[in-house]
Amino acid sequence: ESSSLASSSEDHQVAVWDLAVERDAEEEAEAMQVNEGQAEAPDELPAQLMFVHQGQKDVKELHWHPQIPGALVTTSSDGFNIYKPSNVGPEV
């Protein structure tokens, strides 16, 4: 999706962001009622943060998979990972 961004950082994390997302207080309140208070998002996390992957050391590259929407391929000093967060991109 054109509003998605993947980033890697020196703290060995890969993050997926959706820059089109905005926090909606009414929607969050409705979700909390339906899920009995279990749907509350922490206030210190940005609403745009969709996914964080940890465990690879020194991530060198990350690329969106050309044939699987929402899937990421990452390479690092200790191997490579291919993963698709369930809340990113269309279902396959």
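Residues numbered from 1 in each chain as written. Predicted model: local features only at pLDDT ≥ 70, side-chain atom pairs only at ≥ 80, totals over all residues. Heavy atoms only, no water.

**Q** Account for the overall build of the protein chain, with residues named and values stated.
**A** Each helix and strand counted, the protein chain has one helix and six strands in total. Listing each helix as α and each strand as β along the protein chain from the N terminus yields β-β-α-β-β-β-β. Taking all 92 residues of the protein chain together, 18% fall into the buried category. Within the protein chain, contacts between residues separated by at least 24 positions form 43% of all contacts whose residues are at least 6 apart in sequence. (Helix = DSSP H or I, 4+ residues; strand = E, 2+ residues; numbered from the N terminus. Buried < 20%, exposed > 50% of the residue type's maximum accessible area, 1.4 Å probe, protein only. Contact = heavy atoms within 4.5 Å.)

**Q** Tell me about the nonpolar core, and name the residues and values.
**A** Listed in full, the six residues of the largest apolar core are Ala-6, Val-14, Val-16, Val-59, Leu-72 and Tyr-83. When neighbours within four sequence positions are excluded, Val-59 is seen to be in contact with Ser-8, Val-14, Thr-74, Thr-75 and Ser-76. (Core = buried A, V, L, I, M, F, W, Y, C linked by side-chain atoms within 4.5 Å.)

**Q** Describe the sheet that holds strand β3 (residues 49-54), naming the residues involved and giving the relevant values.
**A** Reading across from one edge, β1-β2-β3 is the order of the three strands in this open sheet, with antiparallel pairing throughout. The open sheet has two free edges, formed respectively by β1 (4-8) and β3, since each of these has just one partner strand. The mean inter-strand angle of the sheet, taken between neighbouring strand axes irrespective of direction, is 15°. Inspection of the sheet shows strand β2 (residues 13-18) paired to β3 by five bridges, in the antiparallel sense. Looking across to β3, one finds that Trp-17 is bridged to Leu-49. (Pairing = 2+ DSSP bridges. Axes fitted to C-alpha atoms, helices over the stretch in contact; angles between N-to-C directions.)

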